[in-house]
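Coordinate analysis (summary)
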Amino acid sequence: MSDTIEIGCACGQVALTLDRGPFFSTECHCTSCRTAGEALAALPLSRPMLNPNGGTHFVLYRKDRIAFARGVDLLTAYRLQPDSPTRRVVASCCKTPVFLEFQHGHWLSLYSALWLEGALPPPEVRTVVSDRQGLPELDGDIPAGKLPTARFYARLLVAWIAMGFKSPAIVLSQPEETISDAIA
Ligand SMILES: [Zn+2]
Ligand SMILES: [Zn+2]
């Protein structure tokens with residue numbers, strides 16, 4: 001049996017090959033993810049970036065276990081501000097959310113939109129729930145708070161050690177856009 005799976009955008013022009021499993025799966029509740037998800041929904045996205053509860057479900061893979069099989073030239077990166085350290089990447093062909101990348105990060109946070117229903121690794125924790133001020137209370141089905149968040153950072157570190165502290169660069173050919181300009 002192969003340990004490799006292929007996932008991709010809604011129209012099939014963008015495909016990624018994943019070697020083995022993710023090192024984490026999380027539902028992020030930070031304000032940046034929510035703001036970006038709400039704004040980019042106007043593209044419009046072919047598959048949602050946000051869960052109904054406002055969280056963003058990411059599946060985290062080491063960069064050295066991800067290969068772009070097709071359509072890397074179709075990827076467009078968006079930043080909240082021109083100098084934001086985080087870019088959110090969408091397939092321009094059909095506007096499927098693909099990944100979030102932190103500057104110099106050794107991993108990619110892949111958007112759950114890439115997986116077919118049933119194949120998606122469920123979130124293990126919810127992170128940054130403290131940003132949900134004024135939003136409805138979450139159910140207690142998935143652990144959240146300091147300890148699960150510490151586990152999240154520990155896994156990031158373990159993955160980086162395993163990679164020999166390398167952070168491969170991902171070069172995209174399309175010009176980057178600022179989210180507010182993109183949806184204006
Ligand atoms: Zn597509
Ligand atoms: Zn976030």
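The text that follows walks through the structure, step by step, so that each part is easy to find. (Residues numbered from 1 in each chain as written. Chains lettered and ligands numbered in written order. Predicted model: local features only at pLDDT ≥ 70, side-chain atom pairs only at ≥ 80, totals over all residues.)

This paragraph deals with the overall build of the chain. Helices and strands together make up the secondary structure of the chain, namely 3 helices and 11 strands. The secondary structure elements of the chain, listed N-terminal to C-terminal, are β-β-β-α-β-β-β-β-β-β-β-α-β-α. Against the globule reference of 16 Å for 184 residues, the chain gives a C-alpha radius of gyration of 16 Å, in line with a compact fold. Looking at the chain as a whole, 33% of its 184 residues qualify as buried. For the chain, the share of sequence-separated contacts (at least 6 apart) that also reach a separation of at least 24 residues comes to 69%. (Helix = DSSP H or I, 4+ residues; strand = E, 2+ residues; numbered from the N terminus. Rg over C-alpha atoms; globule rule 2.2 N^0.38 Å. Buried ≥ 20, exposed ≤ 12 C-beta atoms within 10 Å, placed from the backbone. Contact = placed C-beta atoms within 7 Å.)

The next point concerns the environment of lysine 166. If you trace the backbone, lysine 166 turns up in the loop between α2 (146–162) and β11 (177–178). Its 10 C-beta neighbours within 10 Å are what place lysine 166 among the exposed residues. Residues lysine 166 and asparagine 51, 115 residues apart in the sequence, show an inter-C-alpha distance of 32 Å.

What follows concerns the pairing of strand β8 (residues 96–102). Counting buried residues in β8 gives 6 out of 7 residues, a clear majority hidden from the surface. Bridge count for strand β7 (residues 86–91) against β8 is 6 bridges, and the pairing is antiparallel. Bridging from a neighbouring strand, arginine 87 pairs with glutamate 101 of β8. In textbook terms, the turn of a hairpin is the stretch between consecutive antiparallel strands, and for β7 and β8 this stretch comprises 4 residues, one of which, lysine 95, has a positive phi near 60 degrees. Where β8 meets strand β9 (residues 107–111), 2 bridges bridge the pair, whose relative direction is antiparallel. Among the inter-strand pairings, leucine 100 is bridged to a residue of β9, identified as serine 109. (Pairing = 2+ DSSP bridges.)

Residue placement: tryptophan 107 occurs in strand β9. Measuring from C-alpha to C-alpha, the distance between tryptophan 107 and arginine 126 comes to 18 Å, with 19 residues separating the pair along the chain. With sequence-adjacent residues up to four places away left out, tryptophan 107 is seen in contact with Leu60, Tyr61, Arg62, Lys63, Leu156 and Ala159.

Moving on, we come to the sheet that holds strand β10 (residues 125–127). The strands that make up a sheet are held in pairs by hydrogen bonds between backbone atoms, and each pair lies either parallel or antiparallel. Taken in spatial order, the 8 strands of this open sheet run β10-β3-β4-β9-β8-β7-β6-β11, and their pairing is mixed. The open sheet has two edge strands, β10 and β11, and neither has a second partner. Bridge count for strand β6 (residues 75–79) against β11 is 2 bridges, and the pairing is parallel. When the bridges of β11 are listed, arginine 79 appears paired with threonine 178. Each of β3 (24–28), β4 (56–62), β6 and β7 is contacted by helix α1 (residues 31–40), which is oriented at about 30 degrees to β7, the strand it contacts most. Running over the sheet, α2 touches β3, β4, β9 and β10 and is turned about 95 degrees from β10. (Axes fitted to C-alpha atoms, helices over the stretch in contact; angles between N-to-C directions.)

The next subject is the pairing of strand β2 (residues 15–19). Residues Leu16 and Leu18 line the buried face of β2, whereas the alternating positions Ala15, Thr17 and Asp19 sit on a face that is not buried. Across 5 bridges, the pairing between strand β1 (residues 4–8) and β2 is antiparallel. The partner of threonine 4 across the bridge, within β2, is aspartate 19. Counted along the chain from β1 to the antiparallel partner β2, the turn is 6 residues long, and its residue glycine 12 has a positive phi close to 90 degrees. Inspection of the sheet shows β2 paired to strand β5 (residues 66–70) by 4 bridges, in the antiparallel sense. Looking at the pairing, leucine 16 lines up with phenylalanine 68 of β5.

Here we take up α1. Buried within α1 we find Cys33, Arg34, Ala36, Gly37 and Leu40. An end-on view of α1 places all buried positions within 170 degrees of arc, on one side of the element. If you follow the buried residues of α1, they end up packed against β3, β4, β6, β7 and α3 (179–182). (Arc of directions from axis to C-beta.)

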